[in-house]
There are 2 protein chains.
Amino acid sequence: MSHEILIVTESELKRVLNLGRSMNDLMEKAFASLAAGEVIMPPILSMDLPKVNAEVDVKTAYIPGFDHFAIKVSPGFFDNPKLGLPSLNGLMMLLSAKTGLASAVFLDNGYLTDLRTAAAGGVVARHMAPKKVGTAGVIGTGVQARLQIIAAHIERPFKKVLVWGRNRDHAEACARDIAYEIGVEAKVADSAEQLVKESQLVVTTTPSREPLIDADWMHPDLHITAMGADQEGKNELDPEMVAQADIFVCDRVSQCEKLGELRAAMESGNWPSDQTPAELGEIIAGTKPNRTHDASITICDLTGTGAQDTAIANHAFELAHSLDFGTIIKTD
Amino acid sequence: MSHEILIVTESELKRVLNLGRSMNDLMEKAFASLAAGEVIMPPILSMDLPKVNAEVDVKTAYIPGFDHFAIKVSPGFFDNPKLGLPSLNGLMMLLSAKTGLASAVFLDNGYLTDLRTAAAGGVVARHMAPKKVGTAGVIGTGVQARLQIIAAHIERPFKKVLVWGRNRDHAEACARDIAYEIGVEAKVADSAEQLVKESQLVVTTTPSREPLIDADWMHPDLHITAMGADQEGKNELDPEMVAQADIFVCDRVSQCEKLGELRAAMESGNWPSDQTPAELGEIIAGTKPNRTHDASITICDLTGTGAQDTAIANHAFELAHSLDFGTIIKTD
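Residues numbered from 1 in each chain as written. Chains lettered and ligands numbered in written order. Predicted model: local features only at pLDDT ≥ 70, side-chain atom pairs only at ≥ 80, totals over all residues. Heavy atoms only, no water.

1. Quick notes on empty space enclosed by the protein
To keep things clear, this is the line we draw: Cavities and pockets were defined on a 1 Å grid built over protein atoms only: a cavity is a set of grid points that admits a 1.4 Å probe from which the probe cannot escape, a pocket is an open set flanked by protein on both sides within 12 Å along at least five of seven lines, and lining residues are those with an atom within 4 Å of any such point. Grid points are joined across faces, edges and corners, and a volume is the space filled by probe spheres set on the points. Charged residues are taken to be Asp, Glu, Lys and Arg, nonpolar residues to be Ala, Val, Leu, Ile, Met, Phe, Trp, Tyr, Cys and Pro, and polar residues to be all remaining types, Gly included.
Inspection of the entire model under this criterion finds two cavities of 30 Å³ or more. Put simply, the largest cavity is a space of about 40 Å³. Contributing to the lining of the largest cavity are His3(A), Ile5(A), Leu101(A), Ala102(A), Asn89(B), Gly90(B), Leu91(B), Leu107(B) and Asn109(B). Counted by class, the lining of the largest cavity contains five nonpolar, four polar and no charged residues. Of the pockets and cavities examined, the second largest cavity occupies roughly 30 Å³.

2. Notes on the sheet that holds strand β13 (residues 278-279) of chain B
Paired through backbone hydrogen bonds, the strands of a sheet run either parallel or antiparallel to each other. All names here are of chain B. Using the following cut-off: Any two strands with at least two DSSP-identified bridges between them are counted as paired. Each helix is a run of DSSP H or I of at least 4 residues and each strand a run of E of at least 2, with the numbering of both proceeding from the N terminus. Contacts between residues were defined by any pair of non-hydrogen atoms, one from each residue, lying within 4.5 Å. Every axis in this analysis is a line fitted to C-alpha atoms, fitted for helices over the stretch in contact. Angles between the N-to-C directions lie between 0 and 180 degrees.
With parallel pairing, eight strands are arranged side by side in an open sheet as β9-β8-β7-β10-β11-β14-β12-β13. Each edge of the open sheet carries a strand with a single partner, namely β9 (185-188) and β13. Relative to strand β7 (residues 135-139), helix α4 (residues 143-155) is tilted by about 155°, and along the sheet it contacts β7, β8 (160-164) and β10 (201-204).

3. Structural notes on the pattern of salt bridges
All names here are of chain A. Filter applied, for reference: Only one rule defines a salt bridge in this text: a Lys or Arg side-chain nitrogen within 4 Å of an Asp or Glu carboxyl oxygen. Exposure is judged per residue with a 1.4 Å probe applied to protein chains only, and the accessible area is read against the type maximum: over 50% gives exposed, under 20% gives buried, and values in between give partly exposed.
What the rule picks out here adds up to 30 salt bridges over all chains. Lysine 82 is the partner of aspartate 79 in a salt bridge, and the nearest nitrogen-oxygen pair spans 3.5 Å. By relative accessible area, aspartate 79 is classed as partly exposed at 30%. Here arginine 168 ties to glutamate 172 by a salt bridge, and the two come within 3.5 Å at their closest N and O atoms. Residue arginine 168 and its partner glutamate 172 are located together in helix α5 (residues 168-182), separated by four residues, close to a single helical turn. Accessibility expressed as a relative area gives 45% for arginine 168, which makes it partly exposed. Judged by relative accessible area, glutamate 172 falls into the partly exposed class, the value being 31%.

4. A short note on the interface of chain B and chain A
A common way to state how big an interface is: give the accessible area lost once the parts meet. To be explicit about the condition: Note on definitions: buried area is the accessible-area loss of two parts on being combined, 1.4 Å probe, summed for both. Pairing of N or O atoms within 3.5 Å defines a polar contact, subject to two protein rules: one partner must be a possible hydrogen donor and the other a possible acceptor, and residues neighboring in sequence count only if both atoms are side-chain atoms.
Taken together, the contact pairs 50 residues of chain B with 50 residues of chain A. Together chain B and chain A conceal approximately 4000 Å² of surface at their shared face, both sides included; 79% is due to carbon and sulfur atoms. Inspection of the chain B/chain A interface yields zero salt bridges. Our count for the chain B to chain A interface comes out at two residue pairs in polar contact (both at pLDDT 80 or more). Breaking the side of chain B that touches chain A down by element, the ones donating at least two residues are β1 (4-9), α1 (10-16), β2 (45-49), β3 (54-61), β4 (68-77), β5 (91-96), β6 (102-107) and β15 (327-330) of chain B. Residue composition of the side of chain B that touches chain A, grouped by class: 32 nonpolar, 13 polar and five charged.

5. Notes on the environment of Phe66(B)
Residue and element names in this part refer to chain B. Of note, phenylalanine 66 is situated in the loop between β3 and β4. Since its relative accessible area comes to 10%, phenylalanine 66 is described here as buried. The spacing of phenylalanine 66 and leucine 302 is 236 residues in sequence and 23 Å in space, taken between C-alpha atoms. If near-sequence neighbours (up to four positions away) are discounted, phenylalanine 66 is found in contact with Lys29, Ala97, Ala311 and Asn314.

6. Notes on the relation of the copies chain B and chain A
Worth spelling out the cut-off: Only residues with pLDDT of at least 70 in both copies contribute their C-alpha atoms to the least-squares superposition of the copies.
With an RMSD of 0.0 Å, the operation that places chain B on chain A is a rotation of 180° combined with a shift of 0.0 Å along the axis. Taken together, the rotation angle and the small translation identify this as a two-fold axis. Among all C-alpha atoms of chain B, that of Leu45(B) lies closest to the rotation axis, at 2.8 Å. In this assembly, 100% of the residues forming the interface of chain B have copies in chain A that are likewise at the interface, indicating an isologous arrangement.

7. Structural notes on the pairing of strand β8 (residues 160-164) of chain A
Residue and element names in this part refer to chain A. Here is the rule we go by: By convention a crossover is right-handed if, when the strands point away from the viewer, the path from the first strand over the helix to the second runs clockwise.
One ladder, built from five bridges, connects strand β7 (residues 135-139) with β8; its direction is parallel. Paired with valine 138 across the two strands is valine 163, which belongs to β8. Note that the unit made of β7, helix α4 (residues 143-155) and β8 has a crossover that is right-handed. Here β8 pairs with strand β9 (residues 185-188) via four bridges, running parallel.

8. A closer look at the packing of aromatic side chains
Worth spelling out the cut-off: Whether two aromatic rings pair depends on their centres lying within 6.5 Å, for rings of Phe, Tyr and Trp, where Trp uses its six-membered ring; planes under 30 degrees apart make the pair stacked, over 60 edge-to-face, and the rest tilted. Two conditions define a charge located above a ring, namely a distance within 6 Å from the ring centre to NZ of Lys or CZ of Arg, and an angle within 35 degrees of the ring normal.
Within this structure, the stated rule accounts for six aromatic pairs over all chains. Between Tyr62(B) and Phe69(B), the aromatic rings sit 6.2 Å apart at their centres with planes inclined by 55°, giving tilted as the arrangement. Like Phe69(B), Tyr62(B) is buried. The rings of Tyr62(A), Phe69(A) and Phe77(B) are connected pair by pair, giving a single aromatic cluster. Positioned above the aromatic ring of Phe66(A), the side-chain terminus of Lys29(A) is 4.5 Å from the ring centre.

9. Some thoughts on the packing of helix α3 (residues 111-128) of chain A against α4(A)
Residue and element names in this part refer to chain A. Which entries qualify depends on this criterion: The labels follow the angle: roughly parallel below 35 degrees, roughly antiparallel above 145, roughly perpendicular from 65 to 115, and oblique for the rest. Two helices crossing with the near one rotated counterclockwise from the far one by less than a right angle form a left-handed crossing, whereas a clockwise rotation gives a right-handed crossing.
One way to put it is that α3 packs onto α4 with a least axis distance of 8 Å and a crossing angle of 40°. Of the possible angle classes, the one that applies to α3 and α4 is oblique. Crossing hand, α3 versus α4: right-handed. Residues Asp114, Thr117, Ala118, Ala119, Gly121, Gly122, Ala125 and Arg126 of α3 lie in contact with α4, whose contacting residues are Val143, Gln144, Leu147, Gln148, Ala151, Ala152 and Glu155.

Structure, rendered in structure tokens:
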């Protein structure tokens, strides 16, 4: 059975695919489909490899209307830095939604995931952040700390960014990168508390397993996007915050109650077991209550969905065809 | 992050990788590791797509001692024949067990699965079939009907093969292919009953959802390998047979009780809920009772495991290196 498969590398993708308003649009569309109940998204396949300090996740989602669906493999090998390699890498496959035949393999080392994850934060800022954001704060100093701020700045062109992380040198480097990339004033905050109190939009991007933000620090005119917790045990927000916020939203409730901030809130009894949070797609569609005025406090819990992978992989495949990049392999 | 990934096609694999005693050896090793508790094998990721009459399964398993682990994507799009395409296809990825980096992508359209599935039947024949098999019978007329008989013949060089299927033309073609391939007399049986009664080794290879073999047809000096049922609802054997056999063995109990003949036997009350069947790896290791004499009746329930995928994909990767085939893609 002969057919052609397109192999696309990370560097090819980086040349043509970046954050921007249209990437946020693409993720908005993915979340809207997800909440409309059109998406078929099975639970994540997760393989823990404690002996080698590693884990592997596989995600997929089928979205009607997209020509293909993605299957994404995300390995995390946390001893890699000792070998001079990043902990996270991965690849994505794209299969025809009509025949199941493989159409493309993206050897992206997680680049598409970086983009779609940051763009989800952009969509959240578009729909949930106060209309006027003067200062945005980011907790964490890694790749997502930079990208989340870039994606949010497209939607709320704030003038100032505060960065906080456990390692001050890393925080300084992150602030410099952000200042360079989006041309705003970016400084290291003295504490997470100062950062939260002075910001109208806060993004948390860490793998923390205990809260980094106190409920006491919340103030009117605040939105928080918590995107670090994506596994059982991870937790960035004081569990009381989830119930105290005027609006609490999940990217996908069934995932957040296992992997996200919602899990910690439920386990500590801070979330009433008979209540179901809204999903981001419902906020986009306007079918669930959102922020009513700038003084509201809102929180969004992002765990990452296969629907985002399918959306960005379809887009990358179309780009590869129109711009003619990648290597074609005939299977027979 | 630059590294090299090997892309290997179905036709490249077919030139160098086939059934044979060493392939059976490889699967024997995989099952032995599985039963020794060394393998980490998460539940299958399964996505049903009823609107397009399709399903997609993803399997993986980590086996200590192998340099890599496989992640296999198996789509089944059952309207494909209308388009002139096979229903089943798929691809396999191979990731480093040390760093998680992708080492290879096998665009095999399911060829490696065909081999490892048949070789599992070969291992079962090696360990569980009567020492002397004069006649082997196969129910079903597809690819696995042919391959299962080839893999079993390596272990028990029977002189005669009976084939039975719902479509007599398909059965004739299957018998002709088997006769040509292994040089034995191969005939179409008049009925499944005749086939079972005249065979010492029977392999069932169909996607049936109701029993094709009656418990009444079983006789001393018989082994049955049931490899068709690999999904909830599939069932080839009269549920009473599972309990009536002297020895009943699963490739993986946790899978068979959801997807295999064991499921049907448990649901119909034919398998005592407080009893756990032996696994194939335990039979290989000699730690659980096996056939004691030729007159015994034995049954093995195969659902297919990620451990087999990891074993065959490692082997294919080594072959590609030593024989220098495949296309190398630099990721950066």
